[in-house]
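Listed here are the chains, written in short residue letters.
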Amino acid sequence: MVRFAQALRFLPGDADLRGKLGLAAGARAAGEREAEAPGMGPAGTRRPADEGARAAADVFADAAAGRFSQARAALTRLRERDADGHHAARLADEFRKRAQGLWNAGKHDEARPYYQLVAELDPKDVVSADRASGKEEEKPVAVAPPPEPAPAAGTAKAGKKKPVTAFETPADEKEEAAPRDRAASAKAAAEGASALARGDLVRAQPAFDRAVRADASNPDAVAGLAEVAFENARYTEALDYGRRAARLQPKVAKHHIVVGDAYFKLLRYDEAQAAYRRALAITPNDEGVRARLGRVKARLGE
């Protein structure tokens, strides 16, 4: 059996990578011997080398050792040798997971170098780019308005409800109170769906925006905005719109699927699993949902 090659320093237990290289798991010592004679197999035979995997291995090793400047420099070689982006995607996923763990633990300075690597490996990941640059921490925190002064004695009418502040009013109720033009909303949502089907996100976004402005309770428009946000790697925004669409149409599986997909990209695997299970309860024969559940279970180690 062919042993581990040097490239398997990057995610050494990854069966897919072993298959791509034509390698099988073997003894560490044999792998080390092969690393000294790259490209050589048993009995001195030549085996095909995956230069993209080797470049990914170098980036991974440098980052794991805290040599982030060298890791970023090694990305240039990875781009040249990883034509299909296979290894770059795997590196981005691994670094994103490490960064998220550090970020959630409040170790933002330690997480930032990993986010910088993710931002280079996956330019569509806006969340990682913001955290890498510190923009997310600059966002203003909403402050609740001061309490309203108590009414003077004798001025309150019996049975009159206390005024509700904007922070206390659920978004859905405010949307319900907004004026609607269902016909205009449906037309704009149809335009957005057509553009989305063509992959034209530039035209889809404003169409869905118009649809929501015309009728904020139009689930097709809200779900369309979730899809556009997801395709643009704005996963937090996709999650917000997806959950809103699911509240509007709780028995439509695709809304729960986009919620699960957004949670998955944000590395919130338990919540992704719950969303996929809700979708599967609605469409129990959907193989796509079953595949998603399989992936998230693998991440959870189930």
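Our subject is the structure that appears above.
Here the structure is a predicted model, which means the values were calculated and not measured.

1. Some thoughts on the overall build of the protein chain
Along the backbone of the protein chain there are 16 helices and 0 strands. Of all 302 residues assigned to the protein chain, the portion counted as buried reaches 40%. Long-range pairs, those at least 24 residues apart, make up 51% of the contacts in the protein chain with a sequence separation of at least 6. When the accessible surface of the protein chain is split by element, carbon and sulfur atoms take 54% of a total near 17000 Å².

2. Some details on the nonpolar core
Considering soluble globular proteins, one finds that nonpolar side chains tend to be buried as a cluster. Val59, Leu78, Leu91, Phe95 and Leu121 are the most contacted members of the largest nonpolar core, which has 24 residues in total. With 7 residues, helix H5 (residues 86-104) is the largest single contributor of residues to this core. Once residues lying within four places of it in the same chain are set aside, the contact partners of Leu78 are Gly52, Ala55, Ala56, Val59, His87, Ala88, Leu91 and Leu121. Counting 23 residues, the second-largest nonpolar core is a separate cluster that includes Tyr235, Ala272, Val289 and Leu293.

3. With respect to helix H13 (residues 235-248)
Across its 14 residues, H13 extends 20 Å between first and last C-alpha, which sits within 8% of the 20 Å expected from 1.5 Å per residue. Of the residues making up H13, those classed as buried are Tyr235, Ala238, Leu239, Gly242, Arg244, Ala245 and Ala246.

4. What to know about unusual backbone geometry
Positive phi, close to 65°, is recorded for Ala233, a residue that is not glycine. Relative to the elements of secondary structure, Ala233 occurs in the loop between helix H12 (219-231) and H13. We classify Ala233 as buried; its relative accessible area is 1%.

5. Thoughts on the side chain of Arg96
Within the fold, Arg96 resides in helix H5. With a relative accessible area of 8%, Arg96 lands in the buried category. Reaching out from Arg96, the side chain makes a polar contact with the side chain of Asp122 at a distance of 2.8 Å.

6. A short note on the packing of aromatic side chains
On inspection of all chains with the given rule, the structure shows 4 aromatic pairs. Aromatic ring contacts, followed pair by pair, group Phe60, Phe95 and Tyr114 into a single cluster.

7. Quick notes on the packing of helix H10 (residues 182-197) against helix H11 (residues 201-214)
Running from N to C, H10 and H11 cross one another at 160°; their axes reach a closest spacing of 7 Å. With respect to H11, the element H10 is oriented roughly antiparallel. Read as a crossing pair, H10 and H11 show a hand that is left-handed. Across from Ala184, Ser185, Ala188, Ala189, Glu191, Gly192, Ala193, Ala195 and Leu196 in H10, the residues of H11 making contact are Leu201, Arg203, Ala204, Ala207, Phe208, Arg210, Ala211 and Ala214. When the residues that make up the contact of H10 with H11 are grouped by side-chain class, the tally is 12 nonpolar, 2 polar and 3 charged.

8. Digging into the pattern of salt bridges
Summed over all chains, the structure comprises 17 salt bridges. Where Arg98 meets Glu94, a salt bridge forms, and the shortest distance between an N and an O atom there is 3.1 Å. Pair noted here: Arg98 and Glu94 are both in helix H5, with a separation of 4 residues, about one helical turn. Under the relative-accessibility criterion, Glu94 is labelled buried at 12%. In this structure, Arg96 and Asp122 form a salt bridge, with 2.8 Å as the shortest nitrogen-oxygen distance. Taken together, the residues Arg96 in helix H5 and Asp122 in the loop between helix H6 (108-121) and helix H7 (126-133) connect sequence positions 26 residues apart. In terms of burial, Arg96 and Asp122 fall into one category: buried. It is possible to trace a salt-bridge network through shared partners that takes in Asp93, Arg96, Asp122 and Arg299.

Calculation criteria
Residues numbered from 1 in each chain as written. Predicted model: local features only at pLDDT ≥ 70, side-chain atom pairs only at ≥ 80, totals over all residues. Heavy atoms only, no water. Helix = DSSP H or I, 4+ residues; strand = E, 2+ residues; numbered from the N terminus. Buried < 20%, exposed > 50% of the residue type's maximum accessible area, 1.4 Å probe, protein only. Contact = heavy atoms within 4.5 Å. Areas by Shrake-Rupley, 256 points an atom, 1.4 Å probe, with all protein chains shown as cover. Core = buried A, V, L, I, M, F, W, Y, C linked by side-chain atoms within 4.5 Å. Expected span 1.5 Å × (residues − 1). Polar contact = N/O pair within 3.5 Å; in protein donor to acceptor, adjacent residues only side chain to side chain. Phe/Tyr/Trp six-rings, centres within 6.5 Å; stacked < 30°, edge-to-face > 60°. Axes fitted to C-alpha atoms, helices over the stretch in contact; angles between N-to-C directions. Parallel < 35°, antiparallel > 145°, perpendicular 65-115°, else oblique. Left-handed = near helix turned anticlockwise from the far one by under 90°. Nonpolar A, V, L, I, M, F, W, Y, C, P; charged D, E, K, R; others polar. Salt bridge = Lys/Arg side-chain N within 4 Å of Asp/Glu carboxyl O.

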